[in-house]
Amino acid sequence: MPELFNTDFPRAYGELLGEAGFRSVNADFKVFEELGFLPSGEGEHVYLEIEKDGDNTAWIARQIAALAGVETRDIGYCGLKDRHAVTRQWFSVYLPKGAEPDWQMLETDTLRVLNRARHKQKLRRGQHLCNRFSIWLRDVTANHALLDQRLQLLFEQGVPNYFGAQRFGIDSGNLALAQRILVDQVKIKNRPKRQMAISAARSYLFNLVLAERVKRDCWRQLMPQETALEVAGQALPSGPLWGRGRAPVTGAAQALEVQVLADWQPWCEPLEFTGLNQDRRALVANLQDLNWLWDGNDIRLDFALGVGCYATSVIAELVTAKLPERAPEA
C-alpha cells in the first residue's frame, strides 16, 4: 500500500488567494441544522432543539439520556456537529410513557434548550434537509475583489465534496486505527470507535477518487457512460463509499476508480465484510443561499450545504485557514 496518509487533497480553483484567521472563537463558526419538516406534536419521541457552544454532540446525547433515565441508544440525532463552534441541532428521546423531566435542567453556560415537541419517529443520521453556516474569516490578506470573484465562481459551479480533515481524526488517528482493524485484523471492542474508523476509511477512499478527478478536471461533469447520481433534482457524478456488493458505476468513471483504488485492496476487501453496502456520494457540493459581507478585512460567509457536506471544503478553495492554538483535548 502507498504511504499513509496524505490528506492534503488538490483544489479545483487554483492558488489560494491569501490567509485568514479561522475559528478564532466559537462564535466565528455557526452551524444551524434545518430539519426540513416540523414535529407533528404527538408520538413516542420528544424532540429537543439545542444550541451548544463548544460542546460535543455525543456528550450532549449522554446528558439527555441520563436526565431522561433512558439508554443512549434511545437518543437520536441527525449528525455530529462541530465542537469548536456555536451550533443548533435537534435530538430525539424515546419516552413513550410517563412524565417528562424538566429539560431546562440540561442548560449550562454553554447549552440552551430552544424548543421541545413530540413526534412519531426517532431522528436518524442524515435525516435533516441541510446545514446553514455563518462563518467569519478574520484579518483576510486576500484582495477583496478577487475573493468576491472566487466566491461567485464557487456559488455557480460548486466545490469538490471532500470529507473534511476532522473525519480522519487528530494526526489522521482514525485512519491509523482503520489500518489496524482492516489490515492487521486487530479486534476493537469499543463499537463507536470502530465504527468511526471504518467510516473514516470509506471517506478516505472516496477522497482519493475525487482528488484524481479534480486533477483531471472531470469532477463536475459525467464521464463517458457514467451513471449519474440524482441529488435534489440534479444529475451529478459520484464516487464510492466502499462496502459489500457491486459498485453501481460504469464506463470511464469505473476505469478511473479501479486505477485509483488498485493499491488499496487491503482496505477494500475487508470493508466488504463490515456490514456496510456499497454506496455512492456526489463529487460536487453546491452552495445554497450564498451571501457575504465585508467588515474591514474581516468577511462573513453565509450559506447552506446539503447533508454530509463540509464547510471546510468551501474555505479550502479560498484562503489558507489559520487556526488558533488550543490545548490538547482529553
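Preceding this section is the structure that the text describes.
The shown structure was predicted, so the numbers you read here are calculated from the model rather than taken from an experiment.

1. A few points about helix α2 (residues 144-157)
For step 1, the next point in the chain: The end-to-end C-alpha distance of α2 is 20 Å, a good match for the 20 Å that 14 residues give at a rise of 1.5 Å each.
For step 2, the next point in the chain: Buried within α2 we find L147, R150, L151 and L154. The buried residues of α2 all sit within an arc of 100 degrees when viewed along its axis, so they share a single face. The exposed residues of α2 that point more than 90 degrees off its buried face are Q149 and E156.
For step 3, the next point in the chain: Buried positions along α2 lie against β8 (159-160), β14 (288-295), β15 (298-306) and α7 (312-315).
For step 4, the next point in the chain: You can read the cap of α2 off the contacts: a side-chain oxygen lies 3.0 Å from the backbone nitrogen of A145, and it is on N143.
For step 5, the next point in the chain: Just past α2, the residue G158 takes up positive phi, approximately 85 degrees.

2. Quick word on the packing of aromatic side chains
For step 1, the next point in the chain: Tallying each qualifying case throughout the model produces 16 aromatic pairs.
For step 2, the next point in the chain: Each ring, one from F5 and one from W267, has its centre 5.8 Å from the other, and the planes form 35 degrees; the classification is tilted. With a gap of 262 residues between them, F5 in the segment before β1 (19-22) and W267 in helix α6 (residues 265-271) connect regions that are remote in the sequence.
For step 3, the next point in the chain: Judged by centre distance (5.1 Å) and plane angle (70 degrees), the ring pair of W264 and W267 falls under edge-to-face. Neither residue differs from the other here; W264 and W267 are each classed as buried.
For step 4, the next point in the chain: Members of the aromatic cluster, each reached through a chain of ring pairs, are F5, F9, Y162, F168, Y204, W264 and W267.
For step 5, the next point in the chain: Sitting above the plane of the F32 ring, R88 keeps its charged end 4.6 Å from the centroid.
For step 6, the next point in the chain: Cation over ring: R281 sits above F163, and NZ or CZ is 3.8 Å from the ring centre.

3. A few points about the nonpolar core
For step 1, the next point in the chain: Ranked by size, the top nonpolar core spans 68 residues in total, and within it L137, Y204, L205, W267 and F303 carry the most contacts.
For step 2, the next point in the chain: Element by element, the count of residues in this core is highest for helix α4 (residues 191-215), at twelve residues.
For step 3, the next point in the chain: Excluding residues that lie within four positions of it along the chain, L137 makes contacts with A20, G21, F22, N297, D298, I299, L301, I315 and V319.
For step 4, the next point in the chain: With 18 residues, the next largest nonpolar core counts L48, I60, I75 and V113 among its residues.

Basis of the calculations
Residues numbered from 1 in each chain as written. Predicted model: local features only at pLDDT ≥ 70, side-chain atom pairs only at ≥ 80, totals over all residues. Heavy atoms only, no water. Helix = DSSP H or I, 4+ residues; strand = E, 2+ residues; numbered from the N terminus. Expected span 1.5 Å × (residues − 1). Buried < 20%, exposed > 50% of the residue type's maximum accessible area, 1.4 Å probe, protein only. Arc of directions from axis to C-beta. Contact = heavy atoms within 4.5 Å. Polar contact = N/O pair within 3.5 Å; in protein donor to acceptor, adjacent residues only side chain to side chain. Phe/Tyr/Trp six-rings, centres within 6.5 Å; stacked < 30°, edge-to-face > 60°. Lys NZ or Arg CZ within 6 Å of the ring centre and 35° of its normal. Core = buried A, V, L, I, M, F, W, Y, C linked by side-chain atoms within 4.5 Å.

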